[in-house]
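# Close look at the chain arrangement
Residue strings, one per chain:
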Protein chains: 2
Amino acid sequence: MAKVAIMGYGTVGSGVYDIIKMNSDKLRKSAGEELEIKYILDIRDFDDHPEKQLFTKDVKDIINDDEVSVVAEVMGGLHPAYEFTRELLEAGKSVVTSNKELVATYGSELMAIAKEKNVNYLFEASVGGGIPVIRPLSRCLSANNIKRIAGILNGTTNYILYQMITNNKSFETALSSAQANGYAERNPAADIEGHDACRKIAILSSLAAGVEVDYNKIGTEGITNITLDDVRAASAAGAVIKLIGYAEFLDNGKVYAHVAPMMIKKSSMLSGIDDVYNGILITGDAVGDVLFYGAGAGKMPTASAVVADMVDAAIHRTRRRYIGWEKADKDIVAKADEKKFRYFVRADISADTGAFGEVEAVPSAAESEKAFITAPMTASELDGIAVGIKTAIRVLD
Amino acid sequence: MAKVAIMGYGTVGSGVYDIIKMNSDKLRKSAGEELEIKYILDIRDFDDHPEKQLFTKDVKDIINDDEVSVVAEVMGGLHPAYEFTRELLEAGKSVVTSNKELVATYGSELMAIAKEKNVNYLFEASVGGGIPVIRPLSRCLSANNIKRIAGILNGTTNYILYQMITNNKSFETALSSAQANGYAERNPAADIEGHDACRKIAILSSLAAGVEVDYNKIGTEGITNITLDDVRAASAAGAVIKLIGYAEFLDNGKVYAHVAPMMIKKSSMLSGIDDVYNGILITGDAVGDVLFYGAGAGKMPTASAVVADMVDAAIHRTRRRYIGWEKADKDIVAKADEKKFRYFVRADISADTGAFGEVEAVPSAAESEKAFITAPMTASELDGIAVGIKTAIRVLD
């Protein structure tokens, strides 16, 4: 019997509770023992809950209880999640989390504490919701040097772009629809400005590199500047626009990363990842391309990944799992200009394309403009060209 | 330093050798120690090989060498792979394999020996080539009751169908093209008659059920009866035909499974898995649908999965990994008629659809015939209807 605790009884936390109750037989088989919830931490009252006796408002109850070996931190936010996690790890408990902000910000430190204490800090749910990606990237592709990661990592923005693409909605209307459906927060900045995807690509690229990729250094652009005209122009050119978390592992040992809207050809598997779904395309030097696809958020999918980590932590209670990264001893994040992209450009019909190198002409959506794909160039090189560019979007080749 | 051996120096075996040499730095990081190849077993001579001193023709050299802890069995076929694997496990060595025939046939027995000897028998490469699916299914989705698995598990047949769909090639021409490209054997029966996919869905469904699903009991139909007219009719109806390994975990505790061509709507992610690629769609009760996609065969992708298992076996040298299944103590394979499907039917233009229940009419590719989708029915119910059916193909709903 593994005694466990849940910290935070919101959407994901109640999903974790539900799965542990609903699938107890399966969990007993998977873990080799039962998972028994001993505490649920939340500052709110849940007097009507059928197991209201499990609730506590004091994290010390969990920290000081030697019987508890595995804790799910699903409270979100940096504080007090960071302090609680640190104290729990130091008390010799394994912690699993869905908290991408915490993993991206304090992951290196928390992993080092877990290593020192011979316990586990697992975070499968922090990227891609229920989609298995952290463990496959770390273990199943362990024989590969990872060359590139390109992911649709944020369901809200994917839904908005999908509504723009398929239903001709403007950005504002699509955002309202996302809010009405519960896919977007009332304050949607973290999603639409790319910050959520930035944390996630930081986690994936840190894992692939084995050292921390500082998310503060990842150029991050959201979808707020994408117009219906852009979406239509991409469509006329046989492509779609998706918000992509991108990381490329350069030959010089550095990691180039960004979050930005990118042009995805219809022939790419990523182009078919619609609605609120997430998809992560990973390229290894031996395996080539592999894609992981599914529900990137939501109560039960995210809880599915949290509980799988709890099972893993229960199995490995006295043995470390080697999933994580270390603090970088030097800056490994490449400068933006260390990587060239082709750009999908909408320009005035009269614009001279000479400055863009050998361009690939693509059909245009409007008579008043031309559309083309530039030769590979750096962001600075593109910025240096001032000839009536309406939009320039990196192409995922 | 983990000393390892490779049994079989064919396509996959030489890929395993290449990855261990090429990515030694990465492997040292992943495994926490170096993987050093001590033996390569093959009955052929490799006198020109740069490390010809590694080759042996006698498996006893490996079995009797206490230094060797991990062996990759990539020879294929049942015998002597079975006998060699059994002896190696009994000698306390972990074995990893890409041999789907062996895993499907003797897996339960070999896993039991591995358990008894506290070593590992790992088989990530046996399904989906380099695509991570065995470990994600077993570990990352461990909190889920698996409801269904539907996979494009054979690259050769997917290539043939793709050529029929996109290039209007007949089955025979597409098969010749697959052979010319090295995607199909000169004797292609194992692929085109569905036997290869049958082994793979048996492995996946055994893993999900935790007990052996006997592949001999899985109804298996290949693609040899699929005509260009079928493919065109599916296209007119907004779908494609793919060879699907299908398993559904019924409420009565049994596993329904088949290998057969199925009609896949264009809206399904499986419809976009083209060329020689594989894709596996897994549905869990908590996570919903997740899809794994990539190269399902080939030297380096398959070797990538074999070497990842070698790394895992090296890490877990003295600790068991819990990936596998046990012999079933009763027959858990459902009879064909325990599961109803809707069928995509091509019939004479004059055919009466009354016997098919509430049908869904779909556009027809030819004036001389009608096309429709039946109400859900069993195979026996369909067989009982004798009104000018040209083709009836199960629909993946």
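Before reading further, recall that the structure is shown in the block above.
Rules of the game
Residues numbered from 1 in each chain as written. Chains lettered and ligands numbered in written order. Predicted model: local features only at pLDDT ≥ 70, side-chain atom pairs only at ≥ 80, totals over all residues. Heavy atoms only, no water. Helix = DSSP H or I, 4+ residues; strand = E, 2+ residues; numbered from the N terminus. Expected span 1.5 Å × (residues − 1). Contact = heavy atoms within 4.5 Å. Disulfide = S-S within 2.5 Å. Buried < 20%, exposed > 50% of the residue type's maximum accessible area, 1.4 Å probe, protein only. Salt bridge = Lys/Arg side-chain N within 4 Å of Asp/Glu carboxyl O. Pairing = 2+ DSSP bridges. Phe/Tyr/Trp six-rings, centres within 6.5 Å; stacked < 30°, edge-to-face > 60°. Lys NZ or Arg CZ within 6 Å of the ring centre and 35° of its normal.

## Things to note about helix α5 (residues 100–117) of chain B
Helix length check: α5(B), at 18 residues, gives a terminal C-alpha distance of 22 Å against a target of 26 Å (1.5 Å per residue), a shortfall beyond 12%. On its buried face, α5(B) sits against β4 (68–73), α4 (81–90), β5 (94–97), β6 (121–122) and α10 (195–209) of chain B.

## Concerning the state of the cysteines
One way to say it: the disulfide is the covalent bond shared by the sulfur atoms of two cysteines. Applying the stated criterion across every chain, the model contains zero disulfides over all chains. There is no disulfide at A:Cys140, and the cysteine sulfur nearest it, in B:Cys140, is 6.7 Å away. The buried category is assigned to A:Cys140, whose relative accessible area is 2%.

## Quick look at the pattern of salt bridges
One pass over the full model with this rule turns up 59 salt bridges over all chains. Here A:Lys21 ties to A:Glu51 by a salt bridge, and the two come within 2.7 Å at their closest N and O atoms. Highlighted residues: A:Lys21 in helix α1 (residues 11–22) and A:Glu51 in the loop between β2 (35–41) and β3 (55–56), separated in sequence by 30 residues. Using a relative accessible area of 41% as the deciding quantity, one classes A:Lys21 as partly exposed. Here A:Glu51 falls in the buried class, since its relative accessible area comes to 19%. Its salt-bridge partner being B:Asp196, residue B:Lys100 comes within 3.6 Å of it at the nearest N-O pair. With B:Lys100 in helix α5 and B:Asp196 in helix α10, the pair connects residues that are 96 residues apart, well separated along the chain. One continuous salt-bridge network, built from bridges that share partners, spans A:Lys3, A:Glu36, A:Lys38, A:Asp65 and A:Glu67.

## Things to note about the sheet that holds β5(B)
Residues and elements named next belong to chain B. Strand order in the open sheet made by the six strands is β3-β2-β1-β4-β5-β6, with parallel pairing throughout. Of all strands in the sheet, those bounded by a partner on one side alone are β3 (55–56) and β6. Examined bridge by bridge, strand β1 (residues 2–7) and strand β2 (residues 35–41) share six bridges and lie parallel to one another. Looking at the pairing, Lys-3 lines up with Glu-36 of β2.

## Quick notes on the packing of aromatic side chains
Evaluated as defined, the whole model comprises 25 aromatic pairs over all chains. Aromatic pair A:Tyr246 and A:Phe341: ring centres 5.2 Å apart, planes at 70 degrees, arrangement edge-to-face. You can see A:Tyr246 sitting in strand β9 (residues 239–249) and its partner A:Phe341 sitting in the loop between α12 (299–315) and β13 (343–348), a full 95 residues away along the chain. The burial state of A:Tyr246 is the same as that of A:Phe341; both residues are buried. Members of the aromatic cluster, joined through ring pairs, are A:Tyr9, A:Tyr17, A:Phe46 and A:Phe55. The ring of B:Phe341 has B:Lys339 lying over it, and the distance from NZ or CZ to the ring centre is 5.0 Å. When the ring centre of B:Phe341 is taken as reference, the NZ or CZ atom of B:Arg394 above it lies at 5.8 Å.

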